[in-house]
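Below, each chain spelled out in residue letters.
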Amino acid sequence: MRRIYLDHSATTPVDQRVVQAMLPYLTEKFGNASSVHQMGQEARAGVDRARRQIAAFIGAHANEIIFTSGGTEANNLAIRGVAEAVESHGRHLIISAFEHPSVRAAADVLEKLGWEVTVLPVYEEGLVRIDDFRAALRPDTALISIMMANNEIGTVQPIAEIGSLVRSEREAGRRNLWFHTDAVQAAGRLPLDVDALGCDLLSLSAHKIYAPKGTGALFVRKGVRLAPQQHGGHQERERRGGTEAVANIVAFGTAAELARNEMPERSEHVRRLRDRFEEQLLARIEDFTFNGDRGSRLPHLSNISFRFIEGEGLLIHLDMQGIAVSTGSACSSGTIEPSPVIRALGRDDELARGSIRFSFGKDNTEEDVDYAVEMTGRSVENLRQLSPLSRKSAAVV
């Protein structure tokens, strides 16, 4: 059976150049990076080089990069670490209505500890509005966390504008507040420069940029206070204890350098594939809706809600045809819950349950797109013939 992977927002295949870079650190250079002997120092050199590569990827300094186990830990370390360190200045946090679960859960923890959390709406277009952000700022606001690009619908938020506001407030002496952005989905797809963005902390994940799972990074601007969330180790300058996953870190650094060098070509390639996919789908299928602003989104992603069907059903149908995609719905105890991200756009439950995310990668082809359109069209038609929602709609008409 033909297999086509269109779920690159979930994870990416490991680039063979990345595999080759990490292999020596799984074999002859396997030392502990904290050891003082030669094998340990070889490992340390690999970690240091990767730190420089990732710093260059986002326009930071090497000593501002902390390695973590992934984006989830990076987000938790940013939010909880800063909150513990600066809560004497204020206990008010601002987030958006569709942050990644790791950010929402960290905010929930802070609420239980007495923090107040303001959740900014994202409206039908899936974008935070600067006026809402400005209105949400309070004298006791200590921390802001707004994702750079949403993981389900790909809309790109006005991070540089928010960063500029935060910087001006701080420089004017009106507030002492810090700004974190989750850039896990944006990395490798949009240019990243922490100075241009104006953020104080920024989260990354290796497996979104063609490196292995299990490694992430947090940029922490010089001068930002951060309380460690893991104890018992002196690694990462006392900010994140635990033996370094050297091979994975080396892979992450290599992937970041490749992404930095190849980003324009990759982004144009996936944008062309996505646009071809959407144009053909519009000509083939009726009664579907694109989710989020189509002009301000990541180049590789298309999130679509199909009426009269459940997204889970379409996902399974496509998987049986060899096509891997994602749905925003979560199946729990036999009940399909609407995607909270799609609901945050003001969509009804039917559209939220019928949403599918197609996310393209650097190795996909036009032939992949054409096959995906054909199979999606067939699957939607078949599911609608079986759907009680479709029959009910026809009866009403």
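Residues numbered from 1 in each chain as written. Predicted model: local features only at pLDDT ≥ 70, side-chain atom pairs only at ≥ 80, totals over all residues. Heavy atoms only, no water.

1. Re the overall build of the protein chain
How we decide: For the purposes of this entry, the term helix denotes a DSSP run of H or I that reaches at least four residues, the term strand denotes a run of E that reaches at least two, and both are numbered from the N terminus. Restricting the calculation to C-alpha atoms gives the radius of gyration, and the globule rule supplies 2.2 Å times the number of residues raised to the power 0.38. What makes two residues a contact is simply this: any of their non-hydrogen atoms within 4.5 Å. Only the protein chains shown count as cover for residues, with accessible areas throughout obtained via the Shrake-Rupley method and a probe of 1.4 Å. When charges are counted, Lys and Arg contribute as positive and Asp and Glu as negative, whereas His and the chain ends are disregarded. Where a charge lies is defined by one atom per residue type, namely NZ (Lys), CZ (Arg), CG (Asp) and CD (Glu).
Helix and strand counts for the protein chain come out as 13 helices and 15 strands. In terms of C-alpha radius of gyration, the protein chain reaches 22 Å, essentially the compact-globule figure of 21 Å for 397 residues. Structurally, the protein chain occupies a C-alpha span of about 70 × 55 × 40 Å along its principal axes. The long-range fraction of contacts in the protein chain, counting pairs at least 24 apart against all pairs at least 6 apart in sequence, stands at 73%. For the protein chain, the computed accessible surface area is about 16,600 Å², with 51% contributed by carbon and sulfur atoms. Taken as two groups, the 47 positive and 53 negative side-chain charges of the protein chain have centres that lie 2 Å from each other.

2. Some thoughts on the packing of aromatic side chains
Aromatic ring pairs: the centre-centre distance and the angle between the two ring planes describe each pair. Quick note on the threshold: Any pair of Phe, Tyr and Trp rings, taking the six-membered ring for Trp, is counted once the centres come within 6.5 Å. Such a pair is stacked with planes under 30 degrees apart, edge-to-face with planes over 60 apart, and tilted for the rest. Burial classes: relative accessible area under 20% of the type maximum marks a residue as buried, over 50% as exposed, and values in between as partly exposed (1.4 Å probe, protein chains only).
For the coordinates displayed, the defined rule picks out four aromatic pairs. Taken together, a centroid distance of 4.6 Å and an interplanar angle of 50° make the contact between Phe277 and Phe358 tilted. With a gap of 81 residues between them, Phe277 in helix H8 (residues 246-284) and Phe358 in strand E15 (residues 355-359) connect regions that are remote in the sequence. For the pair Phe277 and Phe358, one class covers both residues: buried.

3. Side note on the layout of surface pockets
Note the cut-off: Lining residues are those with an atom within 4 Å of a point, where the points come from a 1 Å grid over the protein atoms alone and group into cavities, where a 1.4 Å probe fits but cannot get out, or pockets, open sets with protein on both sides within 12 Å along at least five of seven lines. Grid points are joined across faces, edges and corners, and a volume is the space filled by probe spheres set on the points. In this count, Pro and Cys sit with the nonpolar residues alongside Ala, Val, Leu, Ile, Met, Phe, Trp and Tyr, while Asp, Glu, Lys and Arg are called charged and the others, Gly among them, polar.
By volume, the second largest pocket amounts to about 160 Å³. Around the second largest pocket, the lining is made up of 14 residues, and of these Gly71, Thr72, His100, Val184 and Lys208 lie nearest the centre. For the lining of the second largest pocket, the element with the most residues is helix H3 (residues 71-86), which contributes three residues. Tallied by class, the residues present in the lining of the second largest pocket amount to three nonpolar, nine polar and two charged.

4. A short note on the sheet that holds strand E3 (residues 92-96)
Under the convention used in this document: Pairing between strands is defined by DSSP: at least two bridges between the two strands are required. The angle between two axes is taken between their N-to-C directions and runs from 0 to 180 degrees, where each axis is a line fitted to C-alpha atoms and a helix contributes only its stretch in contact.
A sheet is described by the order of its strands in space; here seven strands give the open sequence E2-E8-E7-E6-E5-E3-E4, paired in mixed fashion. Here the strands that pair on one side only, and so sit at the sheet edges, are strand E2 (65-68) and strand E4 (116-120). Taking the axes of each pair of neighbouring strands and ignoring which way they run, one obtains an average angle of 20° across the sheet. Relative to strand E6 (residues 178-182), strand E5 (residues 141-145) runs parallel, the two being bridged by three bridges. In the strand pairing of E6, Ser145 is matched with His180.

5. With respect to the environment of Leu120
Tracing the backbone through its elements, the reader meets Leu120 in strand E4. Spatially, the C-alpha atoms of Leu120 and Ile146 are 9.3 Å apart, while their sequence positions differ by 26 residues.

6. Some points on empty space enclosed by the protein
For the coordinates displayed, the defined rule picks out one cavity of 30 Å³ or more. In this structure, the largest cavity occupies an estimated 130 Å³ of space. As for the largest cavity, its lining consists of 15 residues, and the residues nearest its centre are Gly188, Arg189, Tyr210, Arg266 and Val270.

7. Considering unusual backbone geometry
Trans is the prevailing form of peptide bonds, just as negative phi is the prevailing case for residues other than glycine. Phi at Tyr210 takes a positive value of approximately 75°, unusual for a residue other than glycine. When its relative accessible area of 8% is taken as the criterion, Tyr210 is described as buried. Positive phi, normally seen in glycine, also occurs at Glu236, with a value near 50°. Here Glu236 is to be found in the loop between strand E8 (216-220) and H8. Judged by relative accessible area, which is 6%, Glu236 ranks as buried.

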